[in-house]
Amino acid sequence: MRIGSGIDVHAFGPGDHIMLGGVRVPHSRGVVAHSDGDVVLHALTDALLGAAGLGDIGQHFQDTDPRWKGADSKRFVRGALEMLRARKLRVGNADVTVLAEAPKLAPIREQIRQGLEQLLEVPPGAVNVKATTTEKLGFLGRAEGIAAQAVVLLLDAP
Ligand code: MG
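Residues numbered from 1 in each chain as written. Predicted model: local features only at pLDDT ≥ 70, side-chain atom pairs only at ≥ 80, totals over all residues. Heavy atoms only, no water.

### With respect to the overall build of the chain
Reasoning step 1: Of regular secondary structure, the chain possesses five helices and seven strands.
Reasoning step 2: Along the chain, from the amino end to the carboxyl end, the secondary structure elements read β-β-β-β-α-α-α-β-α-β-α-β.
Reasoning step 3: Over its C-alpha atoms the chain spans a radius of gyration of 15 Å, differing by no more than 12% from the 15 Å that the globule rule assigns to 158 residues.
Reasoning step 4: Reported as C-alpha extents along the three principal axes, the dimensions of the chain are approximately 45 × 35 × 25 Å.
Reasoning step 5: Looking at the chain as a whole, 49% of its 158 residues are labelled buried.
Reasoning step 6: Sequence separation of at least 24 residues holds for 69% of the intrachain contacts in the chain that already meet a minimum separation of 6.
Reasoning step 7: Of note, the chain has its 18 positive side-chain charges centred 2 Å away from the centre of its 18 negative side-chain charges. (Helix = DSSP H or I, 4+ residues; strand = E, 2+ residues; numbered from the N terminus. Rg over C-alpha atoms; globule rule 2.2 N^0.38 Å. Buried < 20%, exposed > 50% of the residue type's maximum accessible area, 1.4 Å probe, protein only. Contact = heavy atoms within 4.5 Å. Lys, Arg positive; Asp, Glu negative; His and termini not counted. Charge placed at Lys NZ, Arg CZ, Asp CG, Glu CD.)

Laid out in structure tokens, this is it:
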């Protein structure tokens, strides 16, 4: 059994939507990023890699690599899962927190949660998605960007 955590932050920038946990969410801003800038999937990828002792997302998927320009961040999660499988590890459960003033997560929380369960190939109930604001404090409170944190537990694959 191994535990890992991940954190990711992206600044808001020009655009009309953001990607959150693989879900396209209409928003008054986009995010500044090399890939699709999905903070949930980036935090999750780092948690998976961290739990397996495999470094971080930047080592495996460089943000200067043209292959990842505008990339669907599910590719990073799938890449990390492949590395886990090679080490006979599987995901037990995952807990994700989105930190932002906006957009509001409630209407899409369940869609994100179920999508993450499919992506991680885990049974229903194995992924939890939470949201919080920072009570208007700091860069998140000023709605300058969005952040996510993820914690995962890895189990030995049979
Ligand atoms: Mg990122």
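### Digging into unusual backbone geometry
Reasoning step 1: With omega at 0°, the peptide bond leading from alanine 102 into proline 103 counts as cis.
Reasoning step 2: In this model, lysine 136 sits at a positive phi of 70°, which is unusual for a non-glycine residue.
Reasoning step 3: For lysine 136, the position within the fold is in the loop between β6 (127-132) and α5 (138-141).
Reasoning step 4: When its relative accessible area of 64% is taken as the criterion, lysine 136 is described as exposed.

### Some thoughts on the coordination of the magnesium ion
Reasoning step 1: Ligation of the magnesium ion by protein atoms is provided by Asp8 (OD), Asp8 (OD), His10 (NE2) and His42 (ND1), these donors lying 2.2 to 2.6 Å from the ion.
Reasoning step 2: Look at where the donors of the magnesium ion fall in the sequence and you get D-x1-H-x31-H. With histidine 10 in strand β1 (residues 2-13) and histidine 42 in helix α1 (residues 39-51), this pair connects stretches of sequence that are 32 residues apart. (Donors = N, O, S within 2.8 Å, 3.2 Å for Na, K, Ca; no water.)

### Description of the pattern of salt bridges
Reasoning step 1: Counting across every chain of the model gives seven salt bridges.
Reasoning step 2: Put simply, glutamate 117 and arginine 113 hold a salt bridge, and the shortest N to O gap is 2.4 Å. Here glutamate 117 pairs with arginine 113, and both are found in helix α4 (residues 109-120), just four residues apart, close to one helical turn.
Reasoning step 3: Given the relative accessible area of 7%, glutamate 117 is considered buried.
Reasoning step 4: Its relative accessible area of 15% is what places arginine 113 among the buried residues.
Reasoning step 5: Three or more residues joined by partner-sharing salt bridges are found here, namely Glu110, Arg113 and Glu117. (Salt bridge = Lys/Arg side-chain N within 4 Å of Asp/Glu carboxyl O.)

### Digging into the pairing of β1
Along any regular strand, the residues point their side chains to alternate faces of the sheet.
Reasoning step 1: Pairing of β1 with strand β7 (residues 145-156) involves ten bridges; the strand directions are antiparallel. What sits directly across from arginine 2, in β7, is leucine 154. (Pairing = 2+ DSSP bridges.)

### So, the sheet that holds β1
Reasoning step 1: Taken in spatial order, the five strands line up as β4-β1-β7-β5-β6 in an open sheet, and their pairing is mixed. Among the strands making up the open sheet, the edge pair consists of β4 (30-31) and β6.
Reasoning step 2: In the sheet, strand β5 (residues 89-99) pairs with β6 via six bridges, with the strands oriented parallel. Paired with valine 98 across the bridge in β6 is alanine 131.
Reasoning step 3: Most of the contacts of α1 go to β1, to which it runs at about 155°, and overall it touches β1, β5 and β7. (Axes fitted to C-alpha atoms, helices over the stretch in contact; angles between N-to-C directions.)

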